[in-house]
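These are the residues of each chain, in order.
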Amino acid sequence: MGKRTWPTLNPCKPKRIKATLVHHNDRLSSLPYDILLKIWSHITTKEAASASLVSRTLRHMWLVHPLLNFEEKKPYTFEISSYFMKARRQERSPFVDGVDYIVKHHLGPVIDEFRIEFELRNEYHPHVDNWLVFAFSKQVKRLEVVLKRDRFSDEWERYDFKMPIEYQVSSNFDTFRFALTSLCLEFVHLTEQVIESILNSFPSLEIFCIRWVHSFTSIRTCSPLLLKHLDVSNCERLHSIDLCVPHLLSFTCEAQPTALRFRNASLLSAVSIGSFHCNDSIGYTLDSLLIYCAQLECLELKSNLYETRNLQIKQCPVFPNLKHLTLNVVADLDASILGWTPVIKSCPVLQKLTLNLETRPPSERVPARRRNIRKLDAHPLSSLKTLEIVGFLGHCVNLELVMFVIENADMLDELILDAMSPYIRKNSHKIFAYVPDVRSPDVESHKIALELIETLPRSVKFVCR
């Protein structure tokens, strides 16, 4: 056999090649450490776990991530088989196991945010206790707990949120009581004593939200608070609030008629009141806030016109500094909201008017009734510049307000008409992932909206969504 003339093949070194590829592609590892920490503080827990898979430097940094946001993702399910429901009751939630694992292995000394939202079962109450003990021991700054009812469980008891001192935190109580600045509780069980203990135990608390809690009747404390934002929504049994809040900036109350007594609230500028279940709550609550009407800049009112087709607002107080008025209304297509015009007229410097209208579609049993558009006497709206209507369907309930504003607002700069439901618009990031068809616009409403362009001055900017 003759001598070989081709060159000798050198053995490959896959480990060195692989290391070279990782070195060139791992751009995160080449960043300075202080920049990495800055980026790390602005991403979610899921993003941090994903980044740890592609970077050697970040491989273990998710264990010290300061923002822990856990939300159980479940699609909007309309029809569920009985077999699936039975299997769902028997299985252990992987979501709970995942949160337990991260809480157990987290190595960071402090956390900025801890948020938990999932459907609670009775057997998971001890897990929630451990998560809250973990959050308090890490001197959490922002805490949000949303514990909804499990759709596949026959029995459900709300989680009892305890007094802060009852959570067996390993560190001293004073080490974390000054750290918490924001607390939001939804679908839990609270008592008046626990709420008072929360307000007194966390002197740095600036944001306090209680939603969908039906186990308390009042909120009161004697000592001055540093609260800046208070939100009490969908609390059926609430009937009185008595607080000393010299730093309060905004207040939201969606409940039954509630007696309010805010002492020294000289900075209060934004208020949202009313309820879709009781129209009397607006007037009752406004009477309690009369001394602060002159300083309000943003006001949001909620009302239900299904039973009262033309709600009349009588003896409306004057809002001399109000700049933005929002009306959240649920009504039939043939209802009228012109009864709200006294509120609009009582705002001499109003710059923006927003109407969020939820309507139920007509059916064979209750068809939509067409009626003539009512008109009111002229009243100058000299400062109004923007009119926004979300839930515009082109019926009288919308057109009456639009025509009233067009005829009286000489300084109108922008008209925004959105055919989408306010609820869908607000929760679009959750709904569009499962029901993409809700994006399709309403053809009839767009046709009517385009006809309105002819009645607008050329200087008005028209936006149709």
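First things first, this report covers the structure right here in the doc. (Residues numbered from 1 in each chain as written. Predicted model: local features only at pLDDT ≥ 70, side-chain atom pairs only at ≥ 80, totals over all residues. Heavy atoms only, no water.)

**Here we look at unusual backbone geometry**
- Phi at Trp212 is positive, roughly 55°, even though this residue is not glycine.
- Along the chain, the position of Trp212 falls in the loop between strand E7 (207-211) and strand E8 (218-220).
- Within the chain, Asn234 stands out as a residue other than glycine whose phi angle is a positive 55°.
- Its relative accessible area of 13% is what places Asn234 among the buried residues. (Helix = DSSP H or I, 4+ residues; strand = E, 2+ residues; numbered from the N terminus. Buried < 20%, exposed > 50% of the residue type's maximum accessible area, 1.4 Å probe, protein only.)

**A look at the sheet that holds strand E10 (residues 240-244)**
- If you walk across this open sheet you meet the three strands as E8-E10-E12, and the pairing is parallel. On the outer flanks of this sheet lie E8 and strand E12 (259-263), each paired with one strand and no other. The average angle at which neighbouring strand axes cross in this sheet is 5°, direction not considered.
- Where E8 lies against E10, three bridges are found, and the strand directions are parallel. Each residue of the ladder has a partner; that of Arg220, found in E10, is Asp242. (Pairing = 2+ DSSP bridges. Axes fitted to C-alpha atoms, helices over the stretch in contact; angles between N-to-C directions.)

**Side note on the pairing of strand E2 (residues 113-120)**
- Most of E2 sits out of view: seven of its eight residues are buried.
- Here five bridges tie strand E1 (residues 67-71) to E2, and the two strands are oriented parallel to one another. By the bridge assignment for E2, Leu68 is matched with Phe114.
- In terms of strand pairing, E2 meets strand E3 (residues 142-149) through eight bridges, oriented parallel. Looking at E3, one finds that Ile116 is bridged to Val145.
- For the crossover that starts at E2, traverses helix H6 (residues 125-137) and ends in the parallel E3, the hand is right-handed. (Right-handed = clockwise from strand over helix to strand, strands pointing away.)

**Points about the pattern of salt bridges**
- Taken as a whole and assessed by the stated rule, the structure comprises 16 salt bridges.
- Asp129 serves as the salt-bridge partner of Lys162, at 2.9 Å between the closest nitrogen and oxygen. Here Lys162, found in the loop between strand E4 (159-160) and helix H7 (173-177), pairs with Asp129, found in helix H6; they are 33 residues apart in sequence, far enough to count as distant.
- Asp129 sits in the partly exposed class, given a relative accessible area of 22%.
- One network of salt bridges, in which partners are shared, links Glu71, Arg115, Glu117, Glu144 and Lys148. (Salt bridge = Lys/Arg side-chain N within 4 Å of Asp/Glu carboxyl O.)

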